[in-house]
Amino acid sequence: MCGICAGIGHENQIDDVVCGLKKLEYRGYDSSGIAFLKNGEIQAIKSVGQIKNLEKKIDDEVCSHVVIGHTRWATHGSVCEENAHPHISQNGEFAMVHNGIVENFENLKGNLNCNFKSQTDTEVFVNLVEAESGTPLERLMKASRKVVGSFAVALLHKNTNSIFLAKRKSPLMVAVGKDGVFAGSDISVFAGKFDFCYIFEDDEFAIMEEDGVKFFDLNGNQISKKAVDIRDFDFYDEDLNEDFYMLKEIKEQPAALRKTYFKFFSEGLQFDFEAIKKFKSFHFIACGTAYHSCLLGAQFIQQFCKKDCKVSIASEFRYGSNIYSKNCLYVFVSQSGETADTMACASLVKEKGLKVMCVTNVPYCSLNKLADFVLPTFAGREVAVASTKAYTTQVFTLLIFALFLNDKATRLQDELKRFVLNLENLQFNECLLEEISKFKKIFFIGREQDYVSALEGALKLKEIAYLNCLGMPAGELKHGTLALIDPQTLVIAISTQRALKGKMESNIEEIKARGGKVLLISNFKHNVETDFFVELPDFDEMFMPIVSIIPLQQLALNFALKLGYNPDKPRNLAKSVTVE
Ligand code: M6R
């Protein structure tokens, strides 16, 4: 995780770098900091917590044309100012911001004769640079050769009016404008200021100067790179017009789904469905919420295309004894396209010479670069850590994908359109929240596609309201978990498939018989009394996983707010999980 950015230009860069850090805050918010050149010296300002704390420490008169910045998600060492980046080398020659992990930092540390002030791997890296000889770039390259692990770094040298960049595995990009050069961990830092950017490949280096950027390979040879056009990138909806990004993003779902529909059916999205049809089976791989999208994607393909599908959690697939097949398409779903476990599995599959497809929401992300087929989602930028609109657009995209593979999409086009035009944002009843917020033990149950909503609903509640809850298949309750049901337990039952209504009714009866309370979420009436009921609008069954999750997202959000938590920045999490 962690986000880095750096700016060098004719004007003061402090504000631009702080503004860039705010865009990257989703990558971690344990601490943040900047370092800059001032009269031939390196100065640093750091703060624990969110970037607004850092801003308070930066006086108006602080000014520099050469600035690097960092927002941290702690990996090595606790959350404190000493461990906050930038880290300055022992003799004060260099300052470094780093996203990634130096896996061999303990070994490297043993060979350096330094008094380390922090517990971080980055302080080892910057001292490694200082210990080398040559120009600053040569010293950075020599140090990088000794590092095992991942890094995107920006480095200041106190006597050089430049910023040095290096990348291996962690994302890094740089853009050149008329007023200077800017670099960052993702494309959002360029919003509104640059039309093109350069995306680093592994083991590429660069020197940023006021008037441009020069790129080098690991041997120090200057290389030329092609800039990519970022004018089409959706920067538009980043401003917060609600109290929280999560609320804004929940409300944006109908619009994001409409956009997805129009991309496929009237804006001529280019995708080679014919090539995909040749595969006999599919293996979906992802983490967290994206894994839940995969469960639904697999159900859609099995239902509509009658092709065999497997679904794996990336961190399990990676070390598992998988059976590989060239007739199988390996599909990686990831909002960010940077998740370390997902990326590692995609690389593993590529190394075996097999085909990789990815479904991602961020253009030019690392996953897109190694995939043979890229299917974009059109959620727009998702800022809140808890995924909402990225999830529903993934599910909708995978549904349309499955329909196209079975040539059903065009036939069902009107139905898809009716769905996106009629779906409203669904509110969660405040009084109901009052009632159910007294429960400390909550289970989510459902069958088939509703089971996926149960998993995702429970994940949302854990993630932002810190409630100990569990999503599980309704039919599994009686195989153990029923022992936990008592009058203090709330079971949220999701039931949107008419063929499974009777089965769900039996499960609800079993819970009631043990004194458990039930909140039923459904688009039709059931022949069983429940304590609470949320009525969903009635759409075709294939759309119901998208419909049923929205009140569950609302529930988690309202729960978190009621408990006094900031839903956008849940503890211990970051949006882009670039550690394994
Ligand atoms: O960027 P990705 O979709 O690969 O992220 C995967 C998970 O880390 C992510 O979905 C996580 O589970 C969400 N924060 C859940 O809301």
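Position numbers for residues count from 1 along each chain, tracking the sequence in the order it is written. Since the coordinates come from a predicted model, pLDDT governs what is reported: local features require at least 70, and pairs of side-chain atoms require 80 or more to be given and counted, while whole-chain, interface and lining totals use all residues. Only hydrogens and water are set aside; all other atoms, that is, all heavy atoms of the structure, feed into the side-chain values.

### Re the domain arrangement of the chain
Here's step 1: Note that domain bounds follow an automatic or database assignment of domains. Domain assignment breaks the chain into domain 1 (3-229), domain 2 (245-422) and domain 3 (430-562).
Here's step 2: We call two residues in contact whenever any of their non-hydrogen atoms come within 4.5 Å of each other. Residue-level contacts link 13 residues of domain 1 with 7 residues of domain 2.
Here's step 3: It is Tyr26, Ile187 and Ile199 that lose the most area in domain 1 upon contact with domain 2, and together they represent 40% of the buried surface on that side.
Here's step 4: The working definition used for a salt bridge is a side-chain nitrogen of Lys or Arg within 4 Å of a carboxyl oxygen of Asp or Glu. Applying the counting rule to domain 1 against domain 2 returns 2 salt bridges.
Here's step 5: Between Glu201 and Lys369 there is a salt bridge whose closest N-O contact spans 3.6 Å.
Here's step 6: Polar contacts, as counted here, are pairs of nitrogen or oxygen atoms within 3.5 Å of one another; within protein the pair requires one atom able to donate a hydrogen and one able to accept it, and residues that are adjacent in sequence qualify only if both atoms are side-chain atoms. Our count for the contact surface shared by domain 1 and domain 2 stands at 4 residue pairs in polar contact (both at pLDDT 80 or more).
Here's step 7: Classifying every residue of the side of domain 1 that touches domain 2 gives 8 nonpolar, 1 polar and 4 charged. Computed with a 1.4 Å rolling probe, the buried area is the accessible surface lost when two parts are put together, summed over both parts. Basically, the charged four are Asp, Glu, Lys and Arg, the nonpolar ten are Ala, Val, Leu, Ile, Met, Phe, Trp, Tyr, Cys and Pro, and anything else, Gly included, counts as polar.

### As for the site of the ligand
Here's step 1: We define proximity as follows: a residue is near a molecule or strand when any one of its heavy atoms falls within 4 Å of that partner. Taken together, 15 residues sit near the ligand, with Ser334, Gln335, Ser336, Thr339 and Glu463 positioned nearest.
Here's step 2: Note that an oxygen atom of the ligand is positioned 2.6 Å from one of the side-chain N or O atoms of Ser334.
Here's step 3: Within the contact set of the ligand, a nitrogen atom lies 3.0 Å away from a backbone nitrogen or oxygen of Val385.
Here's step 4: Strands are runs of DSSP state E lasting at least two residues, helices are runs of H or I lasting at least four, and both sets are numbered from the N terminus onward. Secondary-structure elements contributing two or more residues to the shell around the ligand are α9 (288-305) and α16 (449-465).
Here's step 5: Two domains each donate at least three residues to the shell around the ligand, and these are domain 2 (245-422) and domain 3 (430-562).

### A closer look at the pairing of strand β3 (residues 41-48)
Here's step 1: A pair of strands is treated as paired once DSSP finds two or more bridges between them. Here strand β2 (residues 31-38) pairs with β3 via 8 bridges, running antiparallel. Note that in β3 the partner of Ser32 across the bridge is Ser47.
Here's step 2: Taken together, β2 and the strand that follows it, β3, pair antiparallel across an intervening segment of 2 residues, in which Asn39 is found at a positive phi of about 50 degrees.

### Observations regarding α9
Here's step 1: Here a helix's expected span is defined as the number of its residues, less one, multiplied by 1.5 Å. Taking 1.5 Å of rise per residue, 18 residues should cover 26 Å, and α9 covers 25 Å from first to last C-alpha, within 8% of that figure.
Here's step 2: Per-residue accessibility, obtained with a 1.4 Å probe over protein chains only, is compared with the maximum for each type, and a residue is labelled buried under 20%, exposed over 50%, and partly exposed between these values. α9 sits mainly inside the fold: 14 of its 18 residues count as buried.
Here's step 3: One or two positions beyond α9, positive phi appears at Lys306, with a value near 55 degrees.

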